[in-house]
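Each chain, written out:
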Amino acid sequence: MAVKIRLKRMGKIRAPFYRVVVMDSRTKRDGRAIEEIGKYHPTEEPSVIEIDMERADYWLGQGAQPTEAVAALLKLSKEGNVRTKPAKPSKKELYEAAIAAAGKTSDDASGATTPKKRAAKKADEPQADEAKAEEAAPAADTDSGAAAAESTDADADKA
């Protein structure tokens with residue numbers, strides 16, 4: 001069985017990424033692999049090349065033949081000329097930087113936010129609404145009582 005170390009294409013149209021795999025030379029390009037030993041993302045800046053060199057050396061020692069593209073990637077990996085992306089700052093660091101830029105610290109919890117202030121005002125308003133309703137209720141009763149008395153007088157005049 002002739003074993004090759006080659007690239008297995010994955011990803012979407014116009015957005016490829018590859019896995020560096022060890023497979024039988026007779027299998028399809030994206031067929032079943034014996035082992036996956038790395039990955040290659042050419043569209044990122046800088047390109048991501050991650051290859052497990054111990055496993056690559058093992059398979060090369062067993063007689064596996066790398067393709068031209070994989071041979072170039074192996075050469076780059078062995079020389080150490082692979083550029084790497086700078087590490088992303090963590091979300092916590094970004095948050096703390098944004099707080100510092102706003103002029104506040106993350107430990108400052110003395111001020112209430114607007115929704116809490118609104119909630120406190122709404123809690124006070126129902127008590128005031130009840131007092132207003134009680135004052136308005138007797139006036140409504142006197143008006144309705146006067147209207148009822150007039151309607152009684154009107155009924156008596158008809159009889």
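Structure: see above.
Residues numbered from 1 in each chain as written. Predicted model: local features only at pLDDT ≥ 70, side-chain atom pairs only at ≥ 80, totals over all residues. Heavy atoms only, no water.

Outline the pattern of salt bridges, supporting the account with residue identities and numerical values.
One pass over the full model with this rule turns up six salt bridges. Here Arg-29 makes a salt bridge to Asp-30, at a shortest N to O gap of 2.9 Å. (Salt bridge = Lys/Arg side-chain N within 4 Å of Asp/Glu carboxyl O.)

Now, about the packing of helix α1 (residues 53-61) against helix α2 (residues 68-79): what can you tell me, with residues and values included?
Between α1 and α2, the shortest axis-to-axis distance is 11 Å and the interhelical angle comes to 130 degrees. The pairing of α1 with α2 is recorded here as oblique in orientation. In this structure, α1 meets α2 at a crossing whose hand is left-handed. For the pair α1 and α2, contact is made by Met-53, Ala-56, Asp-57 and Leu-60 and by Leu-74, Ser-77 and Lys-78, respectively. (Axes fitted to C-alpha atoms, helices over the stretch in contact; angles between N-to-C directions. Helix = DSSP H or I, 4+ residues; strand = E, 2+ residues; numbered from the N terminus. Parallel < 35°, antiparallel > 145°, perpendicular 65-115°, else oblique. Left-handed = near helix turned anticlockwise from the far one by under 90°. Contact = heavy atoms within 4.5 Å.)

Quick rundown of the packing of aromatic side chains? Include the residues and the values.
Evaluation of the coordinates by the stated rule reveals two aromatic pairs. With centroids separated by 6.1 Å and ring planes inclined at 25 degrees, the aromatic side chains of Tyr-18 and Tyr-40 adopt a geometry described as stacked. Note that Tyr-18 is positioned in strand β2 (residues 15-24) and Tyr-40 in strand β3 (residues 35-41), a separation of 22 residues in sequence. Each member of the pair, Tyr-18 as well as Tyr-40, is classed as buried. (Phe/Tyr/Trp six-rings, centres within 6.5 Å; stacked < 30°, edge-to-face > 60°. Buried < 20%, exposed > 50% of the residue type's maximum accessible area, 1.4 Å probe, protein only.)

Tell me about α2, and name the residues and values.
For the α-helix, the turn length of 3.6 residues means that residues three or four positions removed from each other point alike. Across its 12 residues, α2 extends 17 Å between first and last C-alpha, which sits within 8% of the 16 Å expected from 1.5 Å per residue. Along α2, the positions that sit buried rather than exposed are Val-70, Leu-73, Leu-74 and Ser-77. Seen from one end, α2 has its buried residues packed into an arc of 100 degrees, which puts them on one side. Of the exposed residues in α2, the ones pointing more than 90 degrees away from its buried face are Glu-68 and Lys-75. (Expected span 1.5 Å × (residues − 1). Arc of directions from axis to C-beta.)

How would you explain the pairing of strand β1 (residues 3-12) if you had to name every residue and give the values?
As paired elements, β1 and β2 share 10 bridges and run antiparallel to each other. When the bridges of β2 are listed, Lys-8 appears paired with Arg-19. Here β1 folds back onto β2 in antiparallel fashion, the turn holding two residues, of which Arg-14 has a positive phi close to 65 degrees. Relative to strand β5 (residues 65-66), β1 is paired through two bridges, and the arrangement is parallel. Its bridge partner being in β5, Ile-5 is matched across the sheet by Pro-66. (Pairing = 2+ DSSP bridges.)

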